[in-house]
Amino acid sequence: MSAVHPFSRPNAGPTLRVIEEPQRDVHWCFMHADTLPGHRACFTPALVDDILDYQRSLGLKLQAARTHGNTSLPHVVLASDSHAFNLGGDLELFCRLIRARDRQGLLNYASQCVRGVYAFHVGLNAGAHSIALVQGDALGGGFEAALSCHTIVAEEDALMGLPEVLFDLFPGMGAYSFLCKRIPPHQAEKLMLEGNVYTSQQMHQMGLVDVLVPRGEGVAAVEDVIRANRRISHARAAMHRVRQLAQPVTLDELMRITETWVDTALQLGDKSLRTMDRLVRAQVRRGKAAA
């Protein structure tokens, strides 16, 4: 692999570790590069903004390459440097904005998250194949991010699910739309409303994980996916276009759903907010234990 370097927004600490392999057109994006003891492996506003900045930068580069005759199939891999793939939305921020009745603040955050998952879903608008490499727990928005990718590679015993119903909320940044591309709508609703957490083995049986491998073999499995796609690169690229024509997920659809999420969040009472507070504290303890 090529040299590793951090990517960050100007005047912000790096939240991403990026490995660029231009000769193979493979791009690895590791979240939570700023992990410290007590770090919560969630979608902080800084992480969301850094992902969006990287997606825009890489997307423009890949689009330019296509206009100059590059017909290879790019691959973008979303992974993590933390103990978890991603534990979801920033619950501490949610509580603060809900208590302040700051609808615009919530909507701004949620809209940025939606733009990020949509970009992975449409291959950065550059024909890229997106892969989620899940080597730790993927919960809530973390699971939504994985679902937005074309292929999910997960190591065994990772926990995955949408537990938002624990605080009387629903996953509003793409879960329903992306789940319905993999399982029937009634099963998607059941998964969201029951709020259960499953192992990656169980998710594979449900058809929500594409490739399941033992712990420590995730990177090798991603390489296998990339090699397989290389052999059928034109067919794979065409299938992305066909899927978007036959089963489109639009940015407008995701934005309208996330507005419902914002309005629902603002209705939450003290009991739900206290549950979020407890989960934040649990995430901090987990981060310290993993350090």
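All values reported here derive from a predicted model rather than from experimental measurement.

1. Some points on the overall build of the chain
Looking only at helices and strands, the chain features eleven helices and ten strands. Against the compact-globule benchmark of 19 Å for 291 residues, the chain has a radius of gyration of 18 Å, which places it among compact chains. Taken over the C-alpha atoms alone, the chain extends approximately 55 × 40 × 40 Å along its principal axes. The buried share among the 291 residues of the chain stands at 52%. Restricting to contacts in the chain with at least 6 residues of sequence separation, those with at least 24 account for 74%. Accessible surface, the chain as shown: approximately 12900 Å² in total, 55% of it carbon and sulfur.

2. Regarding the pairing of strand β2 (residues 16-21)
Across the six residues of β2, five count as buried, placing the element largely inside the fold. With six bridges joining them, β2 and strand β3 (residues 26-31) adopt antiparallel strand pairing. Bridge assignment links V18 to a residue of β3, and that residue is C29. As consecutive antiparallel partners, β2 and β3 are separated by four residues, and within that stretch D25 has a phi angle of approximately 60 degrees, a positive value.

3. Here's the deal with the packing of aromatic side chains
This structure, assessed with the given rule, holds three aromatic pairs. Aromatic side chains W28 and F30 sit 6.3 Å apart centroid to centroid with 10 degrees between the ring planes, which places their arrangement in the stacked category. According to the relative accessible area criterion, W28 is buried, its value standing at 1%. Exposure remark for F30: the relative accessible area of 8% places this residue in the buried category. Relative to Y109, the ring of F94 lies with its centre 5.5 Å away and its plane at 75 degrees, an arrangement referred to as edge-to-face. Residue F94 is found in helix α2 (residues 91-99), and its partner Y109 is found in helix α3 (residues 103-121); the two are separated by 15 residues along the sequence. Here a set of aromatic residues connected by ring pairs shows up, and it is made of F94, Y109 and W261. The residue whose ring lies beneath R17 is F30, and the NZ or CZ to ring-centre distance is 4.1 Å.

4. A look at the sheet that holds strand β9 (residues 197-199)
Spatial strand order, β6-β8-β9: three strands in an open sheet with mixed pairing. With partners counted over all chains shown, the strands left at the sheet margins are β6 (138-139) and β9, one partner each. For β6 and strand β8 (residues 159-161), the ladder comprises two bridges, and the chain directions are parallel. Across the sheet, L139 pairs through a bridge with G161, a residue of β8.

5. Observations concerning the nonpolar core
Core analysis: the largest hydrophobic core is formed by 74 residues, its most contacted members being L106, V134, L179, W261 and M276. Per element, the largest residue contribution to this core is ten residues, and it comes from α3. If near-sequence neighbours (up to four positions away) are discounted, V134 is found in contact with F85, A146, I152, V153, A154, E155, A158 and M160. Listed in part, the 14 residues of the second largest apolar core include W28, V213, V225 and I226.

6. Comments concerning the packing of α2 against helix α11 (residues 270-290)
Across the interface, α2 lies against α11 with an axial gap of 9 Å and an inter-helix angle of 150 degrees. With respect to their mutual orientation, α2 and α11 come out roughly antiparallel. Both α2 and α11 take part in a crossing whose hand is left-handed. The segment α2 lies against α11, with L91, E92, F94, C95, I98 and R99 engaging L273, R274, M276, D277, L279, V280 and Q283. Here the contact of α2 with α11 is composed, by residue class, of eight nonpolar, one polar and four charged.

7. Some words on helix α10 (residues 251-265)
Between the first and last C-alpha of α10 there are 21 Å, a value that for 15 residues agrees with the 21 Å anticipated at 1.5 Å per step. Every buried residue belonging to α10 is among L254, M255, T258, W261, V262 and A265, and all of these are buried. Down the axis, α10 shows its buried residues gathered within 110 degrees of arc, on one side only. On the buried face of α10, the contacting elements are α2, α3 and α5 (175-179).

Analysis parameters
- Residues numbered from 1 in each chain as written.
- Predicted model: local features only at pLDDT ≥ 70, side-chain atom pairs only at ≥ 80, totals over all residues.
- Heavy atoms only, no water.
- Helix = DSSP H or I, 4+ residues; strand = E, 2+ residues; numbered from the N terminus.
- Rg over C-alpha atoms; globule rule 2.2 N^0.38 Å.
- Buried < 20%, exposed > 50% of the residue type's maximum accessible area, 1.4 Å probe, protein only.
- Contact = heavy atoms within 4.5 Å.
- Areas by Shrake-Rupley, 256 points an atom, 1.4 Å probe, with all protein chains shown as cover.
- Pairing = 2+ DSSP bridges.
- Phe/Tyr/Trp six-rings, centres within 6.5 Å; stacked < 30°, edge-to-face > 60°.
- Lys NZ or Arg CZ within 6 Å of the ring centre and 35° of its normal.
- Core = buried A, V, L, I, M, F, W, Y, C linked by side-chain atoms within 4.5 Å.
- Axes fitted to C-alpha atoms, helices over the stretch in contact; angles between N-to-C directions.
- Parallel < 35°, antiparallel > 145°, perpendicular 65-115°, else oblique.
- Left-handed = near helix turned anticlockwise from the far one by under 90°.
- Nonpolar A, V, L, I, M, F, W, Y, C, P; charged D, E, K, R; others polar.
- Expected span 1.5 Å × (residues − 1).
- Arc of directions from axis to C-beta.

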